[in-house]
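Chain by chain, the residues:
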Amino acid sequence: MALTRSALRLFSGRFTQACQVRGYADAPSMSLTFAAPSQVLYNNISVKQVDVPSFSGSFGILPAHVPTLAVLKPGVVTVFENDGSTKKFFVSSGTVTINEDSTVQLLAEEAVPVDTLDISAARELLAQSQSQLASASSDVAKAEAEISIEVSEALVKACE
Amino acid sequence: MFSRSAAIIPQCSQQVRGMATLKMISIRLKSVKNIQKITQSMKMVSAAKYTKAERELKLARPYGIGAQEFYKKAEVKDEEGEKGQLIIAVSSDRGLCGAVHSSIGRIVKNDIAANPNTKVVIVGDKVRNILQRLYAKNIAMVVTEVGRKPAVFGDAALIAQSIINSGIEFSKGKILFNAFRTVVSFRTTEMPLYSQNAVANASKLPVYDSLDSDVIQSYTEFSLASLLFYSMKENATSEQSSRMTAMDNASKNAGEMIDKLTMTFNRTRQAVITRELIEIISGAAALETKN
């Protein structure tokens, strides 16, 4: 709590003003929009923390995180909601945007709850992509097979 | 026999005059009734497609709106430069949907007239037909086979990839599409599109931490696909609802024509009967007075 308040003082005056308006609330919250092209998981919902896997490393997003952009890697996104519950989703790729006013847009190409994943199907996919890589001839086919391996490895890891 | 053949000729000349022959009216009536059946079934099909499209749009809206947030929050502005303008015009291959395609075509024409250094990427055949005659030079790419099946993210990704691969450079960009408002109305809107340089020079970009050109490039590429997907979804819903309305109006008009034609048919039929009766009676009366 004290840490976030001192981090707040480092930011521009406008941001602290916004927080002063929300001073009566317990802590600055962040509004998460987590969506895929065909489904909405969170739409401007206030949450406590989001962990995202990105190409520049996995990191957790708390309210008042420094604004940044990142590209998602296949992996598990964990959302810690305000009531204490945790939800995990597997994402294939996408982008995450953290803005100055603590809004987070997590746009995933595909996102599924982790408990809907079937570990045997994931292992099968991994075996398939590895054989694809072995038989790949062109650079493009190799790259596609490598992407497939990366996703299936992440899938298997998420199921365990 | 002499009197009968004399009676036939005046009847022929009366039937040939104007469209008043029963045969012609009944042919026309049959064709208008067929048209009404076709337009009614097209309306049913569009209604079903519209329900599905609207459902998918509702799920895609947070995604699409989220994809635009960064550009608003980072206050990205169009690049200063003379590399020209890129317009992505989203429409489809199929017609009979009211003003959906023509409104987009009109705006693209105005834009090209105002700024000749414009390249257009056309999604869908209809707008291509509108622009082909005068502005064929400005068309950079045409995407066909659009509109038959609902768009998926893969389609938008494919289009985005082709745009990126073609190496089109631009300082200003926009996506033109029809945003869905209600079943009976849509609005032609434009979504701004920013080049990588524009993002790199954004006024609020330094606020964003640990960004390198790789991240910006991947981000703009993915966001192009996302914005395209969202605009395709909105356009599809507007198109289906507009087609539903257009076909409904066509059925109503056909119904009115059928009513009018049926009236004319009945009147003509009664006139023919009356004429025959008059001839018979006057023929009989002539014979009687002769006697």
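Quantities reported herein were computed from a predicted structural model and do not represent experimental measurements.

Calculation rules
Residues numbered from 1 in each chain as written. Chains lettered and ligands numbered in written order. Predicted model: local features only at pLDDT ≥ 70, side-chain atom pairs only at ≥ 80, totals over all residues. Heavy atoms only, no water. Helix = DSSP H or I, 4+ residues; strand = E, 2+ residues; numbered from the N terminus. Rg over C-alpha atoms; globule rule 2.2 N^0.38 Å. Buried < 20%, exposed > 50% of the residue type's maximum accessible area, 1.4 Å probe, protein only. Contact = heavy atoms within 4.5 Å. Areas by Shrake-Rupley, 256 points an atom, 1.4 Å probe, with all protein chains shown as cover. Lys, Arg positive; Asp, Glu negative; His and termini not counted. Charge placed at Lys NZ, Arg CZ, Asp CG, Glu CD. Pairing = 2+ DSSP bridges. Axes fitted to C-alpha atoms, helices over the stretch in contact; angles between N-to-C directions. Salt bridge = Lys/Arg side-chain N within 4 Å of Asp/Glu carboxyl O. Buried area = accessible area lost by both parts, 1.4 Å probe. UniProt positions renumbered as here; feature names shortened; annotations may be inferred. Domains from an automatic or database assignment. Phe/Tyr/Trp six-rings, centres within 6.5 Å; stacked < 30°, edge-to-face > 60°.

**Student:** How would you sum up the overall build of chain B? Please name residues and give values.
**Tutor:** Within chain B, the secondary structure is distributed over seven helices and five strands. Each helix and strand of chain B, ordered N terminal to C terminal, gives the series α-α-β-α-β-α-β-α-β-β-α-α. Rg of the C-alpha trace for chain B: 30 Å, well past the compact-globule value of 19 Å for 291 residues, more than 25% over. Judged by the C-alpha coordinates and their principal axes, chain B covers about 120 × 40 × 25 Å. Burial status across chain B gives 40% buried among its 291 residues. Restricting the contact set of chain B to residue pairs at least 6 apart, pairs at least 24 apart contribute 77%. About 16,200 Å² of surface is accessible on chain B, with carbon and sulfur atoms providing 58% of the total. Positive and negative side-chain charges in chain B, numbering 40 and 27 respectively, have mean positions lying 13 Å apart.

**Student:** Can you lay out the pairing of strand β4 (residues 68–72) of chain A for me, pointing to particular residues and giving the numbers?
**Tutor:** Residue and element names in this part refer to chain A. Most of β4 sits out of view: five of its five residues are buried. Judged by which residues are buried, β4 turns out to be covered on both faces: T68, A70 and L72 on one side and L69 and V71 on the other are all buried. Direction of pairing for β4 relative to strand β7 (residues 94–98): antiparallel, over a ladder of five bridges. Residue pairing across strands places L69 opposite T97, the latter belonging to β7.

**Student:** Lay out the sheet that holds strand β5 (residues 185–193) of chain B in plain terms, naming residues and giving numbers.
**Tutor:** All names here are of chain B. Spatial strand order, β3-β2-β1-β4-β5: five strands in an open sheet with mixed pairing. Edge strands, defined here as strands with exactly one partner in the open sheet, are β3 (139–143) and β5. Recorded for the sheet is a direction-independent mean angle of 20 degrees between the axes of neighbouring strands. As paired elements, strand β2 (residues 118–123) and β3 share four bridges and run parallel to each other. Within the sheet, the bridge partner assigned to V120 lies in β3 and is I139. Along the sheet, helix α4 (residues 125–135) makes contact with β1 (85–90), β2 and β3, crossing β3 at roughly 155 degrees. Packed onto the sheet, helix α7 (residues 213–290) meets β1, β4 (172–182) and β5 and runs at close to 40 degrees relative to β4.

**Student:** Could you give an account of the pattern of salt bridges, naming the residues involved and the relevant values?
**Tutor:** If you walk through the whole model with that rule in mind, you get 14 salt bridges over all chains. Through salt bridges with shared partners, a single network forms among D101(A), E69(B), K72(B) and K73(B).

**Student:** I'd like a description of the environment of K87(A), backed by residues and values.
**Tutor:** All names here are of chain A. Turning to its location among the elements, K87 is positioned in strand β6 (residues 86–91). Placed 55 residues apart in sequence, K87 and K142 show a C-alpha to C-alpha distance of 34 Å. The residues touching K87, leaving out its near neighbours within four places in the chain, are Y42, V77, T78, V79 and E81.

**Student:** Could you give me a rundown of the interface of chain A and chain B, with the residues and numbers involved?
**Tutor:** Counting from both sides, the interface comprises 28 residues of chain A and, opposite them, 22 residues of chain B. Taken together, both faces of the contact between chain A and chain B bury some 2,100 Å²; the carbon and sulfur share is 71%. Its largest share of buried area at the contact with chain B, chain A owes to P37(A), L69(A) and L107(A), together 30% of the area lost on that side. Our count for the contact surface shared by chain A and chain B stands at one salt bridge.

**Student:** So what's going on with the UniProt feature "domain: F1F0-ATP synthase delta subunit C-terminal" (unreviewed entry) in chain A? Residues and values would help.
**Tutor:** Following the UniProt record, the feature "domain: F1F0-ATP synthase delta subunit C-terminal" (unreviewed entry) maps to residues 117–158 of chain A here. Secondary structure within residues 117–158 of chain A divides into 88% helix and 0% strand; the distance between the first and last C-alpha atoms comes to 8 Å.

**Student:** An account of the domain arrangement of chain A is needed here, citing residue identities and associated values.
**Tutor:** Accessible area lost upon the coming together of the parts is a frequently used measure of interface size. Residues and elements named next belong to chain A. Partitioning chain A into domains gives domain 1 (30–116) and domain 2 (119–159). Computed from C-alpha atoms alone, the centre-to-centre distance between domain 1 and domain 2 is 24 Å. Domain 1 puts seven residues into the contact, and the matching count from domain 2 is five residues. Between domain 1 and domain 2 the total buried area reaches about 460 Å² when both faces are included, carbon and sulfur atoms providing 81% of it.

**Student:** I'd like to hear about the UniProt feature "domain: ATP synthase F1 complex delta/epsilon subunit N-terminal" (unreviewed entry) in chain A, residue by residue, with values.
**Tutor:** What UniProt calls "domain: ATP synthase F1 complex delta/epsilon subunit N-terminal" (unreviewed entry) maps, in this numbering, to residues 30–111 of chain A. The span residues 30–111 of chain A is 0% helix and 66% strand, and its two end C-alpha atoms sit 21 Å from each other.

**Student:** Lay out the packing of aromatic side chains in plain terms, naming residues and giving numbers.
**Tutor:** All names here are of chain B. Tallying each qualifying case throughout the model produces 12 aromatic pairs over all chains. Ring centres of F70 and Y71 lie 5.4 Å apart, and the angle between their planes is 65 degrees; on these two criteria the pair is classed as edge-to-face. Looking at F70, the relative accessible area reads 0%, which means it is buried. Ring centres of F153 and F229 lie 5.8 Å apart, and the angle between their planes is 65 degrees; on these two criteria the pair is classed as edge-to-face.

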